[in-house]
Amino acid sequence: MQFEVLYTRYDTGKIRSSRVKVRVVPIRCGVRSLIIRRCIVGTSKDLVDSLRKIDANVCWPKKSDNPSKDKDQNKWCDFHEDHGHTTDECISLKKQISYLKSKGHLKDVIPDEQGRPASPAHTKVINCTGGSEVCGLTYSAAKRHARDGPDERPMPDEVKSKAEKELDAMTIAFDKDNTQGVHRKHHDALVIQLTIGNCSTKRILIDGGSSANVIFADTLKVMGIARSEIVRRSTTLIGFNGDSMNTLGEIILPVFAKGINKQTKFNVIDCQSAYNVILGRPWIHKMKAVPSTYHQKIKFPSPWGIQEIASEKKIARKCYKITMKTKLQDI
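Residues numbered from 1 in each chain as written. Predicted model: local features only at pLDDT ≥ 70, side-chain atom pairs only at ≥ 80, totals over all residues. Heavy atoms only, no water.

Participant: Can you help me understand the packing of aromatic side chains in this one?
Facilitator: For any pair of aromatic rings, the description consists of the separation of the ring centres together with the inter-plane angle of the planes. If you walk through the whole model with that rule in mind, you get 1 aromatic pair. Over the aromatic face of Phe 174 sits the side chain of Lys 299, whose NZ or CZ is 4.8 Å from the ring centroid. (Phe/Tyr/Trp six-rings, centres within 6.5 Å; stacked < 30°, edge-to-face > 60°. Lys NZ or Arg CZ within 6 Å of the ring centre and 35° of its normal.)

Participant: Honestly, the environment of Phe 79 in this entry has me stumped. Any pointers?
Facilitator: Assignment of secondary structure puts Phe 79 in the loop between strand 4 (76-77) and strand 5 (82-83). Distance in space between the C-alpha atoms of Phe 79 and Val 48 is 6.2 Å, their sequence separation being 31 residues. In this structure Phe 79 touches Val 48, Leu 51, Val 58, Cys 59, Trp 60, Pro 61, Cys 90, Ser 92, Leu 93 and Gln 96, once residues within four positions along its chain are discounted. (Helix = DSSP H or I, 4+ residues; strand = E, 2+ residues; numbered from the N terminus. Contact = heavy atoms within 4.5 Å.)

Participant: How do you make sense of the pairing of strand 16 (residues 297-300) when you look at a structure like this?
Facilitator: Alternating residues of strand 16 divide into Lys 297 and Lys 299 and Ile 298 and Phe 300, and every residue in both groups is buried. Of the strand pairs in this sheet, strand 15 (residues 290-292) and strand 16 are connected by 3 bridges, and their pairing is antiparallel. Looking at the pairing, Ser 292 lines up with Lys 297 of strand 16. The loop that links strand 15 with its antiparallel partner strand 16 comprises 4 residues; one of these, Gln 296, has a positive phi angle of about 55 degrees. Of the strand pairs in this sheet, strand 16 and strand 17 (residues 307-310) are connected by 4 bridges, and their pairing is antiparallel. In the sheet register, Ile 298 faces strand 17, and the bridge partner there is Ile 309. From the end of strand 16 to the start of strand 17, which pair antiparallel, there are 6 residues, and Gly 305 there has a positive phi angle of about 100 degrees. (Buried < 20%, exposed > 50% of the residue type's maximum accessible area, 1.4 Å probe, protein only. Pairing = 2+ DSSP bridges.)

Participant: When you look at the state of the cysteines in this model, what are you seeing that I'm missing?
Facilitator: In a disulfide, the sulfur atoms of two cysteines are covalently bonded to one another. The tally for this structure, following the rule as stated, stands at 0 disulfides. Not part of a disulfide, Cys 90 finds its nearest cysteine sulfur in Cys 77, a span of 3.8 Å. Relative accessible area serves as the criterion here: at 1%, Cys 90 is assigned to the buried category. (Disulfide = S-S within 2.5 Å.)

Participant: Even after reading the chapter, I still don't get the sheet that holds strand 16, so can you show me in this structure?
Facilitator: Sheet strands line up and pair through hydrogen bonds in the backbone, either parallel or antiparallel. Spatial ordering of the open sheet is given by 15-16-17, a layout of 3 strands whose pairing is antiparallel. Taken across any chain shown, the strands that pair with only one partner, and hence form the sheet edges, are strand 15 and strand 17. Ignoring strand direction, the axes of neighbouring strands in this sheet form an average angle of 15 degrees. (Axes fitted to C-alpha atoms, helices over the stretch in contact; angles between N-to-C directions.)

Participant: When you look at unusual backbone geometry in this model, what are you seeing that I'm missing?
Facilitator: Trans is the common state for peptide bonds, and a negative phi is the common state for residues other than glycine. Backbone geometry places Asn 198, a non-glycine residue, at a positive phi of 65 degrees. Tracing the chain through its elements places Asn 198 in the loop between strand 7 (191-196) and strand 8 (199-206). One non-glycine residue with positive phi stands out, namely Lys 288, at about 55 degrees. By the secondary structure assignment, Lys 288 is in the loop between helix 6 (281-286) and strand 15. We classify Lys 288 as partly exposed; its relative accessible area is 30%.

Participant: When you look at the pairing of strand 13 (residues 260-269) in this model, what are you seeing that I'm missing?
Facilitator: For a regular strand, side chains alternate in direction, first toward one face of the sheet and then toward the other. With 3 bridges joining them, strand 9 (residues 214-216) and strand 13 adopt parallel strand pairing. When the bridges of strand 13 are listed, Ile 215 appears paired with Val 268. Relative to strand 13, strand 12 (residues 249-257) runs antiparallel, the two being bridged by 9 bridges. Considered in strand 13, the bridge of Leu 253 is made with Thr 264.

Participant: I would appreciate a short explanation of the pattern of salt bridges in the present structure.
Facilitator: Where side chains of opposite charge bring their charged atoms close, a pairing between them can arise. Inspection of the entire model under this criterion finds 9 salt bridges. Taking the shortest distance from any N to any O, the salt bridge between Glu 164 and Lys 288 comes out at 2.9 Å. Of the two residues, Glu 164 is situated in helix 4 (residues 162-169) and Lys 288 in the loop between helix 6 and strand 15; the sequence distance between them amounts to 124 residues. Judged by relative accessible area, Glu 164 falls into the partly exposed class, the value being 26%. Here Arg 317 makes a salt bridge to Asp 188, at a shortest N to O gap of 2.9 Å. Here Asp 188 lies in the loop between helix 4 and strand 7 and Arg 317 lies in helix 7 (residues 313-330), a separation of 129 residues in the sequence. Accessibility expressed as a relative area gives 39% for Arg 317, which makes it partly exposed. Connected through shared salt-bridge partners, Glu 164, Asp 168 and Lys 288 make up one network. (Salt bridge = Lys/Arg side-chain N within 4 Å of Asp/Glu carboxyl O.)

Shown next as structure tokens:
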């Protein structure tokens, strides 16, 4: 079975296509190599035929009620078995594929790791650096946001790229299968491990209540990053209890998550913390991610389908104990 895959060359910037077998080991992606832009494209008839073999798990769409005269007779969708749009353009098919992949029903058809870049080689492993926590919201920024709203206007759909539209079309959902291994009445925070600045960084708090991404000075020290690399742009962060703290400045580091590498701006704070990094709404929204503390997972769309990262529950509880111990000592 073969599918057509579109890719963009870094050296020429031109879009090329090729036919590949789904069981072929994918080409390693890296700088000046190939970036797979779409995983489920091109000759999709074979893919729809494969879905028919697992018919019990597929939610087949109904044909459109629009009159035939209103449909583009030059376009045919194998998934809908109707005219109006092509199989490649079918959003329902993309959503169904994303759902079936998340449930593991397409492992024999589309490998989950196909075309996804591997994590960069780790130069260090960052475990723990200390003992309190920061919420992170600048008063001046909050005041400006309340007055003026977001700095950027929403991007109209017509100017979005095709890849961007495909990411927006993916459905992110949590169900009972996502609660396996999770205590029903837990109160755990969402703490994960990611590659930041080529360092395997543990104790990363995913905090939707924080309007800033925070990295601690001790974490940068363990990573081998000198303070001279911090941009001296001090900001005052306000905690949930009203306490304020001035940052040392800002630093931009790459954050790698399941094949997606985002250059991320961090506010640097010089204080003790149970966490190494706090990823707030700026990173969460940039990733189009949906975190769930109840399900102990964070999910986000990617060119390879919906990706998910599970929380490290034991570490989350350990961080909570460290934080509480520090607070009790301050009382």
